[in-house]
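# Working through the structure, step by step
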Amino acid sequence: MLHETRTGAPWRVGVIFSSTGITAVIEETQLRGTLTAIDEINEAGGVCGRPIEPVIYDPGSEPAAYGRLAKRLMVEDGVTTMFGCYTSSSRKAVIPVVERLNGLLWYPTLYEGFEFSSNVIYTGAAPNQNSLELCAYLIERYGSRFYFIGSNYVYPRESNRIMRELLRHNGGEVVGERYVSLRADRADFLPIMKEVRELQPDVIFSTVVGDGTAHLYQGYHDAGFDPKVMPIASLTTTEAEIQSMGADVGEGHVTAAPYFESLSGDGNASFLRRYKRRYGADSPTNMCLEAAYFQVHIFARALEESNSLDTEILRPAVLSAEYEAPQGRVAVNPRYGHTDLWTRIGRANRQGQFDLVYQSPSIVQADPYLIGYGRTVAGL
Ligand code: ACM
């Protein structure tokens, strides 16, 4: 018997983000986004008059620990719905648990696509919502010779496979491809910068994640390269990583994301006011935090309708849900359980914020299997 049948008892949900380890810089912001939304919902009276109670674990950025903690949440804590994971390897460690025990994982991170699970709601971008437009923009603006540098795990390798395909489709080429450990330090990027100098690509496409990100951009900066001519373009370098590397180091580099802190609009302005009141004016928001935030609100609306945490009852109420998020209106696509999101491209400025250089004319339907290659019309 699930908790929800006891009148007034809190709705317990799991939260698994890392506050320690190599991806803590970004996951800590996802934790904050999640807790901000839970507090907002509870302050407004909860769901069906009952508060949401998070059960929070820190997996220390170790993929296997996400799987173990997901199992603990479901078996020992009696939780069915959980919010969490940044890396694709951590998501892949949780999926067997939620599939076996029929839980629901809400995953607020961009990823490589080509996945479906009826036990996952994906609220970060799929490749057709970031890589597709980014590839075309980079070729038009900088040139078609790309150098790939990534962390050594599933997301960068798969994301690069897709970028290579898109690049070929657009008449471009990959002139070099290197992978570094997730624990890469500054010295690991020295030979890479040497190779970049020799090969002279038009773009460095980075799928480096976690603490290595700052080392990559610092290595580039130290090598004296010019982002106006040969930027680092990434899908994972957000305002959080820019803050940790220093805004002067990040300046001029390019990121594709559904959300940037710098977006105009009342929805984002009021989100920023609430977030910064809680965490301080010098705590930037970012796309992963924003997805972590809005997915809890989508969950709460669906729960209001289903009045049950049973995945079989809750999930149908989630599919087709729409929400006015800080990035604009988003919608959970019932076909894939992925979210229709905005496509945007930004260039980092001296303040550590992104200046918008492209945005889609409307939300872009999630197409995790890249079935359609159709581009939207370039704006701005
Ligand atoms: C990622 O591993 N999906 C960033």
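For clarity, every value in this text was computed on a predicted model and none was experimentally measured.

Within the protein, the secondary structure is distributed over 12 helices and 15 strands. Relative to its length of 380 residues, the protein is compact, with a C-alpha radius of gyration of 20 Å against a globular reference of 21 Å. Each principal axis of the C-alpha atoms in the protein carries an extent, and together these give about 65 × 40 × 40 Å. Here the protein holds 380 residues, and 62% of them are scored as buried.

What follows covers the packing of aromatic side chains. Counting across every chain of the model gives 17 aromatic pairs. Ring plane angle 50 degrees and centroid distance 6.1 Å describe the contact between Tyr336 and Tyr369, whose orientation is recorded as tilted. In this pair, Tyr336 is assigned in the loop between strand E12 (328-333) and strand E13 (338-340) and Tyr369 in the segment after strand E15 (354-359), connecting sequence segments 33 residues apart. The class of Tyr369 is partly exposed, set by a relative accessible area of 32%. What links up through ring pairs into an aromatic cluster is the set Tyr259, Phe271, Tyr275, Tyr279 and Tyr293. One Lys or Arg, Arg50, reaches over the ring of Trp11 and ends 3.9 Å from the middle of that ring. One residue, Arg157, lies across the ring of Tyr179, its end atom 3.9 Å from the ring centre.

Turning our eyes to something else, we now look at the nonpolar core. Of all hydrophobic cores here, the largest spans 79 residues; its most connected members are Ile52, Leu134, Leu138, Phe294, Ile298 and Phe299. With 12 residues, the single largest contributor to this core is helix H11 (residues 287-306). Excluding its chain neighbours within four sequence positions, the residues that come into contact with Phe294 are Thr123, Tyr323, Ala325, Gln327, Val330, Thr339 and Leu341.

Another point: a nonpolar patch on the surface. Taken together, the side chains of Phe114, Phe116, Tyr369 and Ile371 define a hydrophobic patch exposed on the protein surface, amounting to about 380 Å² of accessible area. Within the secondary structure layout, Phe116 lies in the loop between strand E4 (104-107) and strand E5 (120-122). Owing to a relative accessible area of 41%, Phe116 belongs among the partly exposed residues under this scheme.

Turning next to the side chain of His297. Considering the arrangement of structural elements, one finds His297 in helix H11. There is a polar contact of 2.8 Å between the side chain of His297 and the side chain of Glu40.

What follows covers helix H6 (residues 190-199). Considered for burial, the residues of H6 that qualify are Ile192, Met193, Glu195 and Val196. Down the axis, H6 shows its buried residues gathered within 160 degrees of arc, on one side only. In H6, the exposed positions angled more than 90 degrees off the buried face are occupied by Leu190, Pro191, Lys194 and Glu198. Looking at the buried residues of H6, the elements they touch are strand E6 (145-151), strand E7 (173-180), strand E8 (203-207) and helix H7 (212-223). Two residues or fewer past H6, Gln200 is found with a positive phi of approximately 50 degrees.

A few words on the pattern of salt bridges. Once their charged atoms are close, side chains differing in charge can pair, the charge on each being opposite to the other. Under the counting rule described, the total for this entry stands at 17 salt bridges. In this structure, the salt-bridge partner of Arg161 is Glu165, at a minimum N-O distance of 3.8 Å. Within this pair, Arg161 and its partner Glu165 are both found in helix H5 (residues 154-169), separated by four residues, close to a single helical turn. On the accessibility criterion, Glu165 (38% relative accessible area) is partly exposed. Between Glu198 and Lys194 there is a salt bridge; the shortest N-O distance is 3.9 Å. Placement of both Glu198 and Lys194 in helix H6 is noted, with a separation of four residues, approximately one turn of the helix. Among the residues examined, Glu198 registers a relative accessible area of 57% and is labelled exposed. Here Lys194 falls in the exposed class, since its relative accessible area comes to 56%. Within the structure, one salt-bridge network assembled from shared partners comprises Arg91, Lys92, Glu112 and Glu115.

Attention shifts here to the confidence of the model for the protein. Looking at the protein, the pLDDT average stands at 95 and 96% of residues meet or exceed 70. For the protein, per-element mean pLDDT is lowest for H5, which scores 96, and highest for E4, which scores 99. Contacts from residues 1-6, a stretch scored under 50 in pLDDT, to residues over four places away or in other chains number 16 contacts. The low-confidence segment residues 376-380, where pLDDT is below 50, has 15 contacts with residues more than four positions distant or belonging to other chains.

Quick notes on the rules
Residues numbered from 1 in each chain as written. Predicted model: local features only at pLDDT ≥ 70, side-chain atom pairs only at ≥ 80, totals over all residues. Heavy atoms only, no water. Helix = DSSP H or I, 4+ residues; strand = E, 2+ residues; numbered from the N terminus. Rg over C-alpha atoms; globule rule 2.2 N^0.38 Å. Buried < 20%, exposed > 50% of the residue type's maximum accessible area, 1.4 Å probe, protein only. Phe/Tyr/Trp six-rings, centres within 6.5 Å; stacked < 30°, edge-to-face > 60°. Lys NZ or Arg CZ within 6 Å of the ring centre and 35° of its normal. Core = buried A, V, L, I, M, F, W, Y, C linked by side-chain atoms within 4.5 Å. Contact = heavy atoms within 4.5 Å. Patch = residues over 30% accessible without salt bridge, like charges linked within 9 Å, V, L, I, M, F, W, Y side chains within 5 Å. Areas by Shrake-Rupley, 256 points an atom, 1.4 Å probe, with all protein chains shown as cover. Salt bridge = Lys/Arg side-chain N within 4 Å of Asp/Glu carboxyl O. Polar contact = N/O pair within 3.5 Å; in protein donor to acceptor, adjacent residues only side chain to side chain. Arc of directions from axis to C-beta. pLDDT = per-residue confidence, 0-100.

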